[in-house]
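Here is how the chains run, residue by residue.
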Amino acid sequence: MSKREITIREFADELTARLNAGQTVDCCKVELLNLAAIVREKIGDELITVEWVD
């Protein structure tokens, strides 16, 4: 494992591929938190449809 910088687009593509393949995204917890912060600041008022599971 090595640290490197990638674009948000590359990260989104990797997450999509992992989820579509049935893999977990546990490996990316810190990165997902960073992404959430970016989304909140940059596109926080956009709407998304979700199926929320409690």
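The text that follows walks through the structure, step by step, so that each part is easy to find.

The rules we used
- Residues numbered from 1 in each chain as written.
- Predicted model: local features only at pLDDT ≥ 70, side-chain atom pairs only at ≥ 80, totals over all residues.
- Heavy atoms only, no water.
- Helix = DSSP H or I, 4+ residues; strand = E, 2+ residues; numbered from the N terminus.
- Buried < 20%, exposed > 50% of the residue type's maximum accessible area, 1.4 Å probe, protein only.
- Salt bridge = Lys/Arg side-chain N within 4 Å of Asp/Glu carboxyl O.
- Axes fitted to C-alpha atoms, helices over the stretch in contact; angles between N-to-C directions.
- Parallel < 35°, antiparallel > 145°, perpendicular 65-115°, else oblique.
- Left-handed = near helix turned anticlockwise from the far one by under 90°.
- Contact = heavy atoms within 4.5 Å.
- Nonpolar A, V, L, I, M, F, W, Y, C, P; charged D, E, K, R; others polar.

### Here we look at the environment of E31
- Residue placement: E31 occurs in helix α2 (residues 29-43).
- C-alpha separation for the pair E31 and F11, spaced 20 residues apart in sequence, amounts to 8.9 Å.

### Overview of the environment of E14
- Here E14 shows up in helix α1 (residues 8-20).
- When its relative accessible area of 40% is taken as the criterion, E14 is described as partly exposed.
- For the pair E14 and V53, spaced 39 residues apart in sequence, the C-alpha separation works out to 23 Å.

### Quick look at the pattern of salt bridges
- The full count for this structure, using the stated rule, is two salt bridges.
- One salt bridge connects R18 with E14, and the closest N-O pair in it is separated by 3.3 Å. Linking R18 with E14, this pair stays in helix α1, spanning four residues, or about one helical turn.
- The residue E41 makes a salt bridge to R40 at a minimum N-O spacing of 3.7 Å.
- Judged by relative accessible area, which is 62%, E41 ranks as exposed.

### Comments concerning the packing of α1 against α2
- It is at 12 Å that the axes of α1 and α2 come closest, and there the two elements cross at 125 degrees. Relative to α2, the element α1 is oriented oblique. The two elements α1 and α2 meet at a crossing, and its hand is left-handed. Taken together, the residues of α2 that come into contact with α1 (itself represented by I8, F11 and L15) are E31, L32, L35 and I38.
- Of the residues belonging to the contact of α1 with α2, the class tally is six nonpolar, no polar and one charged.

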